[in-house]
Amino acid sequence: TPLAFLHRMTNGTSLEAKPLKFAYSRLSSLLRTLQVSNLDDFNSLTDVADFATLLATYSEGVAKFAIIMEPNASSVPGASDPVIQLSCLDSSLAIAPIFKRFGSVVITSGTLSPIDLYPKLLQFEPCISQSLSMSTFRPCIRPLVITRGSDQLSVSTKFEDRNDLGVVRNYGAMLVELCSVIPDGVVAFFTSYTYMESLISEWDAIGILRDLTKAKLVFIETKDVVETTLALDNYRRACDSGRGAVFLSVARGKVSEGINFDRHYGRAVIMFGVPFQYTLSHVLRARLEYLQTHYQIREQDFLNFDALRQASQCVGRVIRSKTDYGLMIFADSRYNRHEKRSKLPKWILQFLDEAYLSLSTDMAIQHVRYFLRIMGQPIDQTALQSVLLTVEEANRLNPPPNPKTATVAEEGAMITESMNS
């Protein structure tokens, strides 16, 4: 715990705990006073001061932080890279000042499902909790659950199956066939950098990567931000030119959060596997234990919640406006289970019919062709206007406040989930 770590540190160094609370602010003040121009030279010292400030600040009371020590956190075999982390176990700390300052708070997002877990994680009682469907004039989303390849072999990224040559081959053939029939841009997400790299290496060895480049240009996300940004720019150029491209990326990476693939930049998103966190991580183990002990949130409930939220966030990159459309392909047999897919947001489930479940690659290709043919028709402007508000209607819904009749709304927090563009 931070308290035990702080006690050992103060005993071993003769430092006092109270001054450590001001280490970060005092270092920042000193650097400004000295007019240091190149602050990057002091990044390591700043990290130490920040660590000391947080450690001293959150060492009292219930341990909502944990000190995680990794003797060797390097991903390079044989390399020594010891790491000490101060890991926050309670996410309610971040939003608590908002609830304290404001009487009414609205939390809204497209990826909150299952929505009943958020009040437990953030420690509040919502006065309204609602998951909304998407208002649309046509079925602009086509989610498909592919559970097996063309040879009827089940596909999954489960630990015992992920390195099976049949699964590797089927995933590769699936990507090639989908990229051959889907125009413009396709984005594929994998569960981790390690798994993506191993699949690409295997695909290259058996010739699948060569077949993929015949259908589209291939771009790959890396851990380097500059390289990934350059790859994204070239990906968009390939889509604009009509050549088409496929972007191979990672759930929880840069591309999965904040990057939009609207219009022809993303006609399909393929989610290879269920993006569970690495369950042997010391940080994750500490948080799971904390949630179980203090909030009675079971380990499997949180892991499923987190994984399905990440999957929704990835596939949600494909739809950005009322006139946009795209395919959401879940390539793992586990998505066919009710307890998994029921945790997807309502705006996805409203389009996920029984006919789109438990598909082979061949069956999915037929659904893809039909969907693209329907979406390729001219937009019905009358139908489009039926789901849009005119300026007059918007003004009637939001009249200017009258000072004489204004009333104070009831205080509380509201949590909603929707994907209306």
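Residues numbered from 1 in each chain as written. Predicted model: local features only at pLDDT ≥ 70, side-chain atom pairs only at ≥ 80, totals over all residues. Heavy atoms only, no water.

### Section: the pattern of salt bridges
Overall, the coordinates contain eleven salt bridges when judged by the stated rule. Salt-bridge contacts for D151 lead to R169; the nearest nitrogen and oxygen are separated by 3.5 Å. Here the residue D151 occupies a position in the loop between β5 (141-148) and α7 (165-181), and R169 occupies one in helix α7, the gap between them amounting to 18 residues. Taking relative accessible area as the criterion, R169 reaches 38% and is therefore assigned partly exposed. Here the salt bridges share partners, and the residues they tie into one network are R252, D306 and R309. (Salt bridge = Lys/Arg side-chain N within 4 Å of Asp/Glu carboxyl O. Helix = DSSP H or I, 4+ residues; strand = E, 2+ residues; numbered from the N terminus. Buried < 20%, exposed > 50% of the residue type's maximum accessible area, 1.4 Å probe, protein only.)

### A look at helix α8 (residues 193-205)
The terminal C-alpha atoms of α8, which comprises 13 residues, lie 18 Å apart, in line with the 18 Å expected from a rise of 1.5 Å per residue. Listed in full, the buried residues belonging to α8 are Y193, Y195, M196, L199, I200 and W203. Within α8, the buried residues cover an arc of 165° as seen down the axis, which keeps them to one side. Exposed residues lying more than 90 degrees from the buried face of α8 are T194 and A205. (Expected span 1.5 Å × (residues − 1). Arc of directions from axis to C-beta.)

### Notes on α7
Between its first and last C-alpha, α7 extends 25 Å over 17 residues, near the 24 Å set by a 1.5 Å rise per residue. The set of residues buried in α7 consists of G166, V167, V168, N170, Y171, G172, M174, L175, V176, L178 and C179. The distance from a side-chain oxygen at the start of α7 to the backbone nitrogen of G166 is 2.8 Å, and the residue carrying that oxygen is D164. (Polar contact = N/O pair within 3.5 Å; in protein donor to acceptor, adjacent residues only side chain to side chain.)

### Focus on the environment of D151
Assessed through its relative accessible area of 41%, D151 is described here as partly exposed. Put simply, D151 and F99 are 52 residues apart on the chain and 54 Å apart in space, counted from C-alpha to C-alpha. The residues touching D151, leaving out its near neighbours within four places in the chain, are R169 and N170. Within the structure, the side chain of D151 is placed 3.1 Å from the backbone nitrogen of L153, a separation counted as a polar contact. Side chain to side chain, D151 and N170 meet in a polar contact 2.9 Å long. (Contact = heavy atoms within 4.5 Å.)

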